[in-house]
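Read off the chains here:
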Amino acid sequence: MKAENYLEGARSLKFKIDMIEADRRDILDAMTAIRSTSDYSDRVQTSPQGDGLERRVIKYMERLERLDNSLERKAYALAIRRHNIRQKVGRMKEGQCRRFIVDYYLECKDWDQIFREYAIEPDYHIKRRAIREFEKLEKEEGTAGKNIH
């Protein structure tokens, strides 16, 4: 099902971005710990290769740079995909299916949170209905298969 894969891709990108941001915070925390537990500012460079502390800081900075590059690429891809989904969802008829796509795929809410907010009994068929409505809209607009990959 192309539409479901496309929608899941947006949710997956959001998850990956959250993981990169968590990795980034961990590295920054480690660098802060190095800075607070060392007397780095008072050190005098005695070796052309630098000391172990300096090498660790450089390694952390290189990791941060790689994470930032990955974060930038994924955030851009997510922004494009979310924009496309919002455009299509905006043309769906008002109702639970439309709201579900926004809440589940764009806002990345979990099932329990969605059912609490909707104040309904758990209905796990809502996902299938929402995807069918999304696909139906694509077919009506003649865009089935376009902008899905």
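Structure first, text after, so check above.
Residues numbered from 1 in each chain as written. Predicted model: local features only at pLDDT ≥ 70, side-chain atom pairs only at ≥ 80, totals over all residues. Heavy atoms only, no water.

Quick look at the side chain of arginine 82
Part 1 of the reasoning: Secondary-structure assignment places arginine 82 in helix H2 (residues 52-89).
Part 2 of the reasoning: We note that arginine 82 is buried and unpaired, the nearest opposite charge coming from glutamate 107 at a distance of 5.4 Å.
Part 3 of the reasoning: The residues contacting arginine 82, other than those within four sequence positions of it, are Lys14, Leu106 and Glu107. (Helix = DSSP H or I, 4+ residues; strand = E, 2+ residues; numbered from the N terminus. Buried < 20%, exposed > 50% of the residue type's maximum accessible area, 1.4 Å probe, protein only. Lys, Arg positive; Asp, Glu negative; His and termini not counted. Salt bridge = Lys/Arg side-chain N within 4 Å of Asp/Glu carboxyl O. Contact = heavy atoms within 4.5 Å.)

Concerning unusual backbone geometry
With the exception of glycine, most residues fall at negative phi, and the peptide bonds are largely trans.
Part 1 of the reasoning: If you check the backbone angles, cysteine 108 has positive phi at about 60 degrees while not being a glycine.
Part 2 of the reasoning: Mapped onto the secondary structure, cysteine 108 falls in the loop between helix H3 (96-106) and helix H4 (111-118).
Part 3 of the reasoning: Residue classification places cysteine 108 among the partly exposed residues on the basis of a relative accessible area of 24%.
Part 4 of the reasoning: Phi at alanine 119 takes a positive value of approximately 55 degrees, unusual for a residue other than glycine.
Part 5 of the reasoning: A residue is classified by how much of its surface remains accessible, and alanine 119, at 68% relative accessible area, is exposed.

Digging into the pattern of salt bridges
Part 1 of the reasoning: In this structure the tally under the stated criterion is 11 salt bridges.
Part 2 of the reasoning: In this structure, lysine 14 and aspartate 18 form a salt bridge, with 2.8 Å as the shortest nitrogen-oxygen distance. You can see lysine 14 and its partner aspartate 18 sitting in helix H1 (residues 2-37), 4 residues apart, about one turn around the helix.
Part 3 of the reasoning: With relative accessibility at 24%, the residue lysine 14 sits in the partly exposed group.
Part 4 of the reasoning: A salt bridge links glutamate 117 to lysine 109, with the shortest nitrogen-to-oxygen separation between them at 2.9 Å.
Part 5 of the reasoning: The exposure class of lysine 109 is buried, given its relative accessible area of 18%.

Topic: the environment of methionine 92
Part 1 of the reasoning: Within the secondary structure layout, methionine 92 lies in the loop between H2 and H3.
Part 2 of the reasoning: For the pair methionine 92 and glutamate 133, spaced 41 residues apart in sequence, the C-alpha to C-alpha distance is 7.5 Å.
Part 3 of the reasoning: Setting aside its immediate chain neighbours within four residues, methionine 92 contacts Cys97, Arg98, Ile101, Ala130, Glu133, Phe134 and Leu137.

Details of the packing of aromatic side chains
Part 1 of the reasoning: Evaluated as defined, the whole model comprises 8 aromatic pairs.
Part 2 of the reasoning: Aromatic side chains phenylalanine 100 and tyrosine 105 sit 6.3 Å apart centroid to centroid with 90 degrees between the ring planes, which places their arrangement in the edge-to-face category.
Part 3 of the reasoning: In this structure phenylalanine 100 comes out as buried when scored by relative accessible area, which is 0%.
Part 4 of the reasoning: Relative accessible area serves as the criterion here: at 0%, tyrosine 105 is assigned to the buried category.
Part 5 of the reasoning: What links up through ring pairs into an aromatic cluster is the set Phe100, Tyr104, Tyr105, Trp111, Phe115 and Tyr124.
Part 6 of the reasoning: Geometry around tyrosine 104 places arginine 11 over its ring, the cationic atom sitting 3.8 Å from the centre. (Phe/Tyr/Trp six-rings, centres within 6.5 Å; stacked < 30°, edge-to-face > 60°. Lys NZ or Arg CZ within 6 Å of the ring centre and 35° of its normal.)

Geometric descriptors of this kind do not, in isolation, establish any biological role.
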